[in-house]
Amino acid sequence: MGILTIPNLLSISRLLLLPLILFFLAKKLYLSSLVFIAISWVTDAFDGYLARKLNCVSDFGKILDHLVDKIWVGSILVALVMTRNLDFKIVLAIIIRDLLITAGFIFLMKKRNIVSKSSVLGKITGFFFALLIIAALLNRKNELLIITYLTWLFLFLSFFDYFIYFLKNLKYGNKKN
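Described below are features of the structure shown in this document. (Residues numbered from 1 in each chain as written. Predicted model: local features only at pLDDT ≥ 70, side-chain atom pairs only at ≥ 80, totals over all residues. Heavy atoms only, no water.)

Below, the discussion takes up the packing of aromatic side chains. Within this structure, the stated rule accounts for 12 aromatic pairs. Residues Phe 46 and Tyr 49 carry aromatic rings whose centres are separated by 6.4 Å and whose planes lie at 70 degrees to one another, so their mutual orientation is edge-to-face. With Phe 46 and Tyr 49 both in helix 2 (residues 30-53) and three residues apart, this pair spans about one turn of that helix. Judged by its relative accessible area of 42%, Phe 46 is partly exposed. Aromatic pair Phe 107 and Phe 166: ring centres 5.9 Å apart, planes at 55 degrees, arrangement tilted. With Phe 107 in helix 4 (residues 88-112) and Phe 166 in helix 6 (residues 141-172), the pair connects residues that are 59 residues apart, well separated along the chain. The exposure class assigned to Phe 107 is partly exposed, which follows from its relative accessible area of 37%. Ring pairing ties together the aromatic residues Phe 23, Phe 24 and Phe 36, which thus form one cluster. If you follow Arg 84 out to its NZ or CZ, it ends over the ring of Tyr 30, 3.7 Å from the centre. (Phe/Tyr/Trp six-rings, centres within 6.5 Å; stacked < 30°, edge-to-face > 60°. Helix = DSSP H or I, 4+ residues; strand = E, 2+ residues; numbered from the N terminus. Buried < 20%, exposed > 50% of the residue type's maximum accessible area, 1.4 Å probe, protein only. Lys NZ or Arg CZ within 6 Å of the ring centre and 35° of its normal.)

Quick look at the structure:
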């Protein structure tokens, strides 16, 4: 199986759409940015589905999808801090969490030959990142406040979930997860 599979190309397409999204955010064309963000989310949903359906799940694809997600979310959130006054503290916490999780995944990959996958709490937290982005784009201040609090909650829960996963795998070192 090659690297340029349909699921991997979908992951790469999110990176290719990112400059366009950031351009629209910089120009304060929020509806246009939301359209391309939605397209990116659709590709994110389909890459994993297609990888399983077409039987082309690979360690490279898991790593690529994970890295693209972190770059994509972090970039858009930073742009929203600058264009929509999204709270810098939550964005910084998200970026730090994502960097720590990524560092842990890389460490497990090198030390224990484990290619990690997202946890259920990680996926729920990602859903709140999406709600945070939508609320900020639509300038929904009341909803944004509630979503920010929920994002903080799931940010901590998912980080501790990943931390426990990291410690277990560091100690026992399963071959594949």
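Let us now look at the layout of surface pockets. Each pocket or cavity is described by its volume, and for the largest pocket that value is around 1,100 Å³. Taken together, 39 residues line the largest pocket, and the ones lying closest to its centre are Asp 44, Asp 65, Asp 69, Ser 118 and Lys 123. Residue assignment for the lining of the largest pocket shows that the elements contributing at least two residues are helix 1 (6-26), helix 2, helix 3 (59-84), helix 4 and helix 5 (120-137). In terms of residues, the lining of the largest pocket owes the most to one element, helix 2, which gives nine residues. Its residues assigned to classes, the lining of the largest pocket shows 15 nonpolar, 12 polar and 12 charged. The space that makes up the second largest pocket amounts to roughly 160 Å³. In terms of lining, the second largest pocket is formed by Leu 100, Ile 101, Gly 104, Phe 105, Leu 108, Phe 159, Tyr 162, Phe 163, Tyr 165 and Phe 166. When contributions to the lining of the second largest pocket are tallied by element, the ones reaching two or more residues are helix 4 and helix 6. (1 Å grid on protein atoms, 1.4 Å probe; cavity = no way out; pocket = protein on both sides within 12 Å on 5 of 7 lines; lining within 4 Å. Points joined across faces, edges and corners; volume = space filled by probe spheres on them. Nonpolar A, V, L, I, M, F, W, Y, C, P; charged D, E, K, R; others polar.)

Such coordinate-based values are descriptive only and should not be taken to indicate function.
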